[in-house]
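# Overview (structure and organization)
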Amino acid sequence: MDYQVKNIYGKIKNRSVAVRVPGSKSITARALLLAALAEGESVLYNAQLSDDCATFLNAVKSLGISAEADGSTVKIKGCGGKLPVSGGEIYVGSAGTAARFLTAICALSGGEFKITSSEQMQKRPQGALIAALKSLGAKFTFFGEENCFPFIVRGTAECADCAKVDITKSSQFLSALLMAGVLAGKPLRVRTVGAHGLDYVKMTLDMMWSFGVNVAKVGGVYTVSGGYKAKRYDIEPDVSAACYFYAVNKLLGADISVAGVMPHTMQGDIKFINLLKNFEGGKVDMSAFSDQALTLAAVAPYLKEPTEICGVAHIRGQECDRIAAIKRNLTAMGVPCEERADGVKIYPCAPHGAEIETFGDHRVAMAFSVCGLRTDGIVIKDAEVCSKTFKEYFETLDNLIERLI
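Residues numbered from 1 in each chain as written. Predicted model: local features only at pLDDT ≥ 70, side-chain atom pairs only at ≥ 80, totals over all residues. Heavy atoms only, no water.

## Observations concerning unusual backbone geometry
Each neighbour pair has its own omega, and for F149 with P150 the value is -5 degrees, a cis peptide bond. Mapped onto the elements, P150 comes out in the loop between β8 (139-142) and β9 (151-154). The phi dihedral of N147 is positive, around 65 degrees, even though this residue is not glycine. Using a relative accessible area of 24% as the deciding quantity, one classes N147 as partly exposed. Even without being glycine, D382 reaches a positive phi, approximately 50 degrees. Among the residues examined, D382 registers a relative accessible area of 38% and is labelled partly exposed. (Helix = DSSP H or I, 4+ residues; strand = E, 2+ residues; numbered from the N terminus. Buried < 20%, exposed > 50% of the residue type's maximum accessible area, 1.4 Å probe, protein only.)

Written out as structure tokens, the structure reads:
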């Protein structure tokens, strides 16, 4: 479906409005995996079960784990660190967390699994993770391109005690190895090379600790040992989803708040919310909160000074080439911008209406929707792509508009 955004600039009567967003996708995915590997039954509250996490939950069930969802509450009977099946087929869809995390679990389980994905996920990088898993003893057979889905992974029953992983393209590779590390049956050391924002790794470590596993870190080497214990776990609201509404504040001068979002959250995108408070342009390294590069790009034309986003070369390999998507859509809106290898520079102007190409990417759709609240004629093509992480996003936006005006 296409979504015509309503321009309400200058029409706001009620500036202070609260909205709700789903639970954090990143936290939900990690909690699903940790609960699946834990000893005992865990209960997860406020879980996000949009497309990505619903796919993750089904994949967990494919591993023989008992799990059931009742609304946003999920009960999982963990396997105590030993998968109840020694083989099968797992579908990870377009969910990057499921793809990386479950590949690592299967590689260290001692079984043989076929892992398939959506066509979109087949194009996303996995090579650095696969190389690390091979060094631990896992074997892979690829049906198409090397280091890409679909493939068969034959897990190792005698895992090596150390691995090296390049995190340049994604910190998820490190998170996957750390969470799966308990399956080694002995202390597992993981050394990192390359550079990437580590906020999501810190989230992983914090959650592993919550489920009973403390990871020691000396320099760039992490050591994992022990086992997970079941628990009742509350999942924070998704700060990435909340960011779109704080971007609306910036464009409209509103005072929208998102229920449950706290300044001490473990989610790195809180940096974007803090940045927006006094930001009127300048150069920003967004490597630590790159999911919001699109959102800042959508806000940038309305700021006082040019905005240069850098440090996000890796977002070219996400659901779409997000840097190219920024250039394509801003140009369609008449916004002067310069595409760089690791980002984009955007100049202030008065944008005009345009059809926004989403390229199958949920974040393109949500980010550029905020422009339409201040510019006539913004149409989001294929708006249903939001179902990947926030199925009710445009319903929430419509409701917000009604309350603001």
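Moving on, there is more to tell.
## What to know about the pairing of strand β4 (residues 66-70)
In terms of strand pairing, β4 meets strand β5 (residues 73-77) through five bridges, oriented antiparallel. Opposite D70, over in β5, you have T73 as the bridge partner. What sits between β4 and β5 in their antiparallel hairpin is a turn of two residues, with G71 showing a positive phi close to 65 degrees. (Pairing = 2+ DSSP bridges.)

## Some remarks on the sheet that holds strand β18 (residues 337-340)
Overall, mixed pairing links the four strands, which are arranged β16-β17-β19-β18 in an open sheet. Edge positions in the open sheet fall to β16 (282-285) and β18, since each of these has one partner strand only. Geometrically, the sheet is characterised by an average inter-axis angle of 10 degrees between neighbouring strands, direction not taken into account. As judged from the three bridges shared by strand β17 (residues 307-310) and strand β19 (residues 343-346), these two strands associate in the antiparallel manner. Within β19, the position partnered with T307 by the bridge is I346. Together, β18 and β19 form the strand contacts of helix α11 (residues 322-332), whose direction differs from that of β18 by roughly 165 degrees. (Axes fitted to C-alpha atoms, helices over the stretch in contact; angles between N-to-C directions. Contact = heavy atoms within 4.5 Å.)

## Concerning helix α2 (residues 51-62)
An ideal rise of 1.5 Å per residue puts 16 Å on 12 residues; α2 measures up with 16 Å between its terminal C-alpha atoms. For α2, the set of buried residues is D52, C53, T55, F56, L57, A59 and V60. Next to the buried residues of α2 lie α1 (25-37), β4, β5, β6 (87-91) and α3 (96-107). Looking one or two residues past α2, G64 carries a phi angle of roughly 85 degrees, positive in sign. (Expected span 1.5 Å × (residues − 1).)

## Some remarks on the pairing of β18
Both β18 and β19 contribute to a ladder of four bridges, which runs antiparallel. If you follow R340 over to β19, its bridge partner there is G343. The antiparallel pairing of β18 with β19 creates a hairpin that spans two residues between the two strands.

## As for the packing of α1 against helix α7 (residues 199-210)
Interhelical geometry of α1 versus α7 gives an angle of 40 degrees and a closest axis separation of 10 Å. Here α1 is positioned oblique relative to α7, judged by the angle of their axes. Crossing of α1 over α7 shows right-handed handedness. Between α1 and α7, the residues in contact are S26, I27, R30, A31 and L34 and Y200, M203, T204, M207 and M208, respectively. In terms of residue class, the contact of α1 with α7 is made up of seven nonpolar, two polar and one charged. (Parallel < 35°, antiparallel > 145°, perpendicular 65-115°, else oblique. Left-handed = near helix turned anticlockwise from the far one by under 90°. Nonpolar A, V, L, I, M, F, W, Y, C, P; charged D, E, K, R; others polar.)

## Here we look at α1
Relative to the 18 Å expected for 13 residues at 1.5 Å per residue, α1 spans 19 Å between its end C-alpha atoms, a close match to the ideal helical length. In terms of burial, α1 is a largely internal element, 13 of the 13 residues being buried. Looking at where α1 begins, the residue whose side-chain oxygen comes 3.3 Å from the main-chain nitrogen of S26 is S24. (Polar contact = N/O pair within 3.5 Å; in protein donor to acceptor, adjacent residues only side chain to side chain.)

## Concerning the packing of helix α6 (residues 172-180) against α7
Remark: α6 packs on α7, axes separated minimally by 9 Å, with the N-to-C direction vectors making an angle of 15 degrees. Here α7 runs roughly parallel to α6, going by the angle between their axes. Between α6 and α7 lies a crossing whose hand is right-handed. Of the residues in α7, those in contact with L174, S175, L178 and M179 of α6 are Y200, V201, T204, L205 and M208. Residue composition of the contact of α6 with α7, grouped by class: seven nonpolar, two polar and no charged.

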